[in-house]
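The chain contents come next:
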Amino acid sequence: MFLFFPSIRTILTLAAVIPAVVLLLHVMRKDRLEKESPFFILSLLVWGVLSTFAALILEKIGSFILSFFFQYKTVLYNVLFYYVVVAMSEEGSKYFLLRKRTWNSPEFNCQYDAVVYATAISMGFALWENLIYVFRYGFTTAIVRALTAVPGHASFGVIMGVWYGLERRYDYWGNKPKRKISQILAFLLPVLMHGTYDFLCTSLYGWQGNLVFVAFILLLFSLSWHMVNKASANDRYL
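Residues numbered from 1 in each chain as written. Predicted model: local features only at pLDDT ≥ 70, side-chain atom pairs only at ≥ 80, totals over all residues. Heavy atoms only, no water.

Q: So what exactly am I meant to see when it comes to the nonpolar core here?
A: Taken as a class, soluble globular proteins show a tendency for nonpolar side chains to be buried jointly. Judged by nonpolar contacts, the single largest core of 48 residues is most densely connected at Tyr 117 and Tyr 164. Taken together, the elements giving at least two residues each to this core come down to α1 (8-29), α2 (38-69), α3 (75-102), α4 (113-137), α6 (149-173), α7 (176-203) and α8 (206-233). Tallying contributions element by element places α4 first for this core, with 11 residues. Other than its neighbours up to four places away in sequence, Tyr 117 contacts Glu 36, Phe 40, Ile 41, Leu 44, Leu 98, Thr 102, Glu 107 and Phe 108. (Core = buried A, V, L, I, M, F, W, Y, C linked by side-chain atoms within 4.5 Å. Buried < 20%, exposed > 50% of the residue type's maximum accessible area, 1.4 Å probe, protein only. Helix = DSSP H or I, 4+ residues; strand = E, 2+ residues; numbered from the N terminus. Contact = heavy atoms within 4.5 Å.)

Structure representation (C-alpha cells):
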C-alpha cells in the first residue's frame, strides 16, 4: 500500500493559493442574478498576476524618485512611500487592467459583476504575491498572510468593485458627474485603505501598535463583508 505524502513545495503552494481561492468563491457565491463564466474569471486572475509586474516597475521608479527628495525611513518618507508609491502603483495597476479587460465585455451586464471582477483581479495579485512570500519565508508566513494580506487585497478589491459597478451604472445612465466621482473613488478609496494597511503594518511597534493594526484589519474586513452583502442584495441588470 502506497501513501501519498505531499512535498513541502506542494504544501507551501496550497497554503499560498487556497486563501485567495476561498475568498473569491465567497464573492462569486453572492452573485445572485447571473453567474460569471469560469473562463472569464480565470482570465481576470491571470490579469491580476500581470498587474503585479506592472506595479513592481512603477514602485521601482517611484522609490528611485522618492529617494532623491526625502530621507529614507523617516515618517514623511514612509507616508509617501506606502500611500503614493506602493498603494497607487498596486491599486492603479489593478484598476487599469480591470477596466481594460471588463469595461466593454458583454459579460458585464449586472452591477455586482464589478465586485466579482475587481476581487478576481485583486486575488490574482494576492495569489502571486503570496506565492513569492511563502516560498521565500515559509509556512508561518503563509498563515500570517492568510489572515492579513490576502483578505486585505480582497477587501481592496471589494471596495474598488462596488464603486466600479456604480461607475458603469452611471455611464449607462449618461450621468457624467456621478460616473466621474465613482471612477475617482474606485481608485482612491482602495489606495487609502491599502496605504493605511501598509503604513500601520510596518510603522507601528509593540503591543499598542499590534492592537491598532488588528483593529484596523477587523474594521476593514467587516466593512468589505458588509459591502459584499449589500452590493449583492441591491444587484440589478445594467
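We are not done yet, so read on.
Q: In this structure, what is going on with the side chain of Gln 111? I would like to understand it.
A: Along the polypeptide, Gln 111 turns up in the loop between α3 and α4. Looking at Gln 111, the relative accessible area reads 14%, which means it is buried. Aside from chain neighbours lying at most four places away, what touches Gln 111 is Gly 165, Leu 166, Arg 169, Asp 235, Arg 236 and Leu 238.

Q: Explain the environment of Arg 168 to me, please; I cannot follow it from the model alone.
A: Positionally, Arg 168 belongs in helix α6. Linking Arg 168 and Ala 114, residues 54 residues apart in sequence, is a C-alpha distance of 8.4 Å. Not counting residues within four places of it along the chain, the set of residues in contact with Arg 168 comprises Trp 103, Phe 108 and Leu 238.

Q: I keep staring at α7 and nothing clicks. Help me out?
A: In an α-helix, one turn spans 3.6 residues, which is why side chains three or four residues apart end up on the same side. The end-to-end C-alpha distance of α7 is 40 Å, a good match for the 40 Å that 28 residues give at a rise of 1.5 Å each. The largest bend in α7 is about 25°, located at Leu 185. N-cap assignment for α7: the residue whose side-chain oxygen lies 3.3 Å from the backbone N of Lys 178 is Asn 175. (Expected span 1.5 Å × (residues − 1). Bend = angle between axes of the 7 residues up to and from the residue. Polar contact = N/O pair within 3.5 Å; in protein donor to acceptor, adjacent residues only side chain to side chain.)

Q: Explain the side chain of Ser 224 to me, please; I cannot follow it from the model alone.
A: By secondary structure assignment, the location of Ser 224 is in helix α8. Polar contacts involving the side chain of Ser 224 include one to the main-chain carbonyl oxygen of Phe 221, which spans 2.9 Å. Apart from the residues lying within four places of it in its own chain, the contact partners of Ser 224 are Ser 155 and Val 158.

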